[in-house]
Amino acid sequence: MTRNISTIISRLTIALAMLLAAAGASAQSDAQFSQYYQVKNYYNPAAIGTSDLLNIRGGARLQWVGIDNAPKSFAATAEMPLMLFKKRLGVGLLMQQESMGLYKNLTVGAQVGYKLKLFKGELTAGLQLGFINESFKGSDVVLPDDDNYHQGNDEAIPMNDLNGNAFDLGVGVFYTRGNWWGGLSLTHATQPVISLKADTGDSSLEKNYEFQVGRTLYFMAGGNIPVKNTLFEVMPSILVKSDFTFTTAEATARLRYNKFLTAGIGYRYNDAVTISLGAEIKGFYLGYAYDYATSAIAKASSGSHEIFAGYSLKLDFSEKNKNKHKSIRIL
């Protein structure tokens, strides 16, 4: 059994390494969320089914309020464990939409994770299959022709609305042991190329416009540390991401009281300081985060706002509840 586990882990490591080695620089399509710890499976398809809960989360982010056409992001995720052939798996779903200026992108994916017991913890190898849609509002492009820097008829810039889809693939591994967790993942692993076509269907308007979605590597880790003889928990976490040209990282420290109220502070390298608040009651969750930019963009923006809400439902896979029913005589 140990040999089989080692073989599987080795193959997963080799496959992930091959994908990383082939990575190149392209445009990114993943949104940025300060409450990344609430939507782990958005960044890592293996971060699913790690508890006996069905977790549903949805949220929105307004980036750099005060700047026209700044990014606006929305994401919804769901994940849960699944018992199949007496084997514990994980399944998940995600949907993300983001607008940036004249660009919009939509990602939809289904996730599955295979779980192994390892070193008194649990290792999950995850796969995400889905599609990504990219659109460009070319009809809103304005090219002034009365200066020396623009051409009013530049064919390199589309002047009509374009849209396109492509298959999308993500992979990852995620490990949990006790109160600690961590994972490594690669989104858009095939680096899909999206051919953009005119929304009107008029082929005479089409040219060779393409959008390539770049791979992004993520590392996440964190934990829950109970404070002895109190109702408090310290919850540190980190997120590192790289498109193999630019790498950034953020660290967050949260304090939770009685598994109810949470307050935290975070720092994203060369970008922002984050303050977050959250509340959990009877399975419901509501969280808010505010980013104050530490870069020069603070001169033009009042900051970024983000809100997430969700619900967690306890699942019971025990045999005593299998096919459980009551007689109509006692209802």
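Just so we're clear, the structure is a prediction, and the values are computed from it rather than from any experiment.

The rules behind these values
- The residue count restarts for each chain, going from 1 along the sequence in the order it is written.
- Given that the model is predicted, a residue must reach a pLDDT of at least 70 before its local features are reported, and side-chain atom pairs must reach 80 or more before they are shown or counted; all residues, however, enter totals for whole chains, interfaces and linings.
- The side-chain values count all of the structure's non-hydrogen atoms but skip hydrogen atoms and water molecules.
- Secondary structure elements are defined from DSSP: runs of H or I of at least 4 residues count as helices, runs of E of at least 2 residues count as strands, and each element is numbered from the N terminus.
- We call two residues in contact when some of their heavy atoms are within 4.5 Å.
- Here, nonpolar core refers to any group of buried Ala, Val, Leu, Ile, Met, Phe, Trp, Tyr and Cys residues whose side-chain atoms link them within 4.5 Å.
- Burial here depends on accessible area, computed with a 1.4 Å probe over protein chains only, as a share of the maximum for the residue type. Under 20% is buried, over 50% is exposed, and the range in between is partly exposed.
- Working definition: a ring pair exists when centres of Phe, Tyr or Trp rings (six-membered ring for Trp) sit within 6.5 Å. Plane angles under 30 degrees give stacked, over 60 give edge-to-face, the rest tilted.
- Consider the ring centre and the ring normal. A charge sits over the ring if Lys NZ or Arg CZ is within 6 Å of that centre and within 35 degrees of that normal.
- Any pair of nitrogen or oxygen atoms within 3.5 Å is treated as a polar contact; in protein, a donor-acceptor pairing is required on top of that, and neighbouring residues in sequence qualify only through side-chain atoms on both sides.
- Should a side-chain nitrogen of Lys or Arg be within 4 Å of a carboxyl oxygen of Asp or Glu, the pair is scored as a salt bridge.
- Any two strands between which DSSP finds at least two bridges are classified as paired.

S.K.: Looking at this model, I keep getting lost on the environment of Pro 45. Mind explaining?
M.R.: Checked against the element boundaries, Pro 45 lands in the loop between α2 (40-43) and β1 (53-65). Setting aside chain neighbours within four positions, we find Pro 45 in contact with Gln 111, Gly 126, Leu 127, Gln 128, Gly 170, Val 171, Gly 172 and Ser 185.

S.K.: Honestly, the nonpolar core in this entry has me stumped. Any pointers?
M.R.: Buried together is how nonpolar side chains tend to be arranged in soluble globular proteins. Phe 33, Tyr 36, Tyr 42, Tyr 43, Met 220 and Leu 239 are the most contacted members of the largest nonpolar core, which has 18 residues in total. Elements represented by at least two residues in this core include exactly α2 and β10 (216-223). In contact with Tyr 43, other than residues within four places in its own chain, are Ala 31, Gln 32, Phe 33, Tyr 36, Ser 185, Thr 187, Tyr 218, Met 220 and Leu 239. Membership of the second largest hydrophobic core comes to 11 residues, among which are Leu 162, Ile 194, Phe 211 and Val 213.

S.K.: I tried to follow the packing of aromatic side chains on my own but got confused; where do I start?
M.R.: To describe a pair of aromatic rings, you give the distance between the ring centres and the angle between the ring planes. In total, this model carries 10 aromatic pairs according to the counting rule given. Here the aromatic rings of Tyr 43 and Tyr 218 are separated by 5.1 Å at their centres, their planes lie at 65 degrees, and the arrangement is edge-to-face. Separated by 175 residues along the polypeptide, Tyr 43 in helix α2 and Tyr 218 in strand β10 bring together distant segments of the chain. With a relative accessible area of 2%, Tyr 43 lands in the buried category. Here the aromatic rings of Phe 174 and Trp 181 are separated by 5.9 Å at their centres, their planes lie at 20 degrees, and the arrangement is stacked. The same class applies to Phe 174 as to Trp 181, namely buried. Here a set of aromatic residues connected by ring pairs shows up, and it is made of Phe 33, Tyr 42, Tyr 43, Tyr 218 and Phe 308. Looking at Lys 40, its charged tip hangs above the ring of Trp 181, at a distance of 4.7 Å from the centre.

S.K.: Even after reading the chapter, I still don't get the side chain of Asp 291, so can you show me in this structure?
M.R.: Position of Asp 291 relative to the elements: it lies in strand β16 (residues 284-293). Overall, the relative accessible area of 2% leaves Asp 291 in the buried class. Polar contacts involving the side chain of Asp 291 include one to the side chain of Arg 61, which spans 2.6 Å. Reaching out from Asp 291, the side chain makes a polar contact with the side chain of Thr 274 at a distance of 3.0 Å. With residues up to four places along the chain from it excluded, the contact list for Asp 291 reads Ser 34, Arg 61, Arg 268, Ala 272, Val 273, Thr 274, Gly 303 and Ser 304.

S.K.: Is there a simple way to think about the pattern of salt bridges in this case?
M.R.: Across all of its chains, the model carries 13 salt bridges by this definition. With a closest N to O distance of 3.4 Å, Asp 161 and Lys 137 form a salt bridge. Here Lys 137 lies in the loop between β5 (121-136) and β6 (162-177) and Asp 161 lies in the loop between β5 and β6, a separation of 24 residues in the sequence. Arg 268 is paired through a salt bridge with Asp 291; the nearest N and O atoms lie 3.1 Å apart. Note that Arg 268 is positioned in strand β14 (residues 261-268) and Asp 291 in strand β16, a separation of 23 residues in sequence. A relative accessible area of 2% means that Arg 268 is categorised as buried. Among the charged side chains, a network of salt bridges with common partners joins Arg 61, Glu 250, Arg 268, Asp 271, Asp 291 and Glu 306.

S.K.: Where do I start with the pairing of β5 in this structure?
M.R.: The buried fraction of β5 is high, at 12 of 16 residues. Counting the residues in the hairpin turn of strand β4 (residues 103-118) and β5 gives two residues, including Phe 119, whose phi is positive at 50 degrees. Taken together, the 15 bridges between β5 and β6 define a ladder with antiparallel strand orientation. Bridge pairing links Leu 129 to Leu 169 in β6.

S.K.: Honestly, the pairing of β16 in this entry has me stumped. Any pointers?
M.R.: Along β16, the buried face is formed by Tyr 285, Gly 287, Ala 289, Asp 291 and Ala 293; none of Phe 284, Leu 286, Tyr 288, Tyr 290 and Tyr 292, which line the opposite face, is buried. Relative to β16, strand β15 (residues 272-281) is paired through 10 bridges, and the arrangement is antiparallel. Looking at the pairing, Ala 272 lines up with Ala 293 of β16. Remark: two residues form the turn of the hairpin made by β15 and β16, two consecutive strands paired antiparallel; Lys 282 in that turn has positive phi of roughly 50 degrees. Where β16 meets strand β17 (residues 303-314), eight bridges bridge the pair, whose relative direction is antiparallel. Bridge pairing in β17 places Ala 289 opposite Glu 306.

Any functional reading would require information that these geometric values do not contain.
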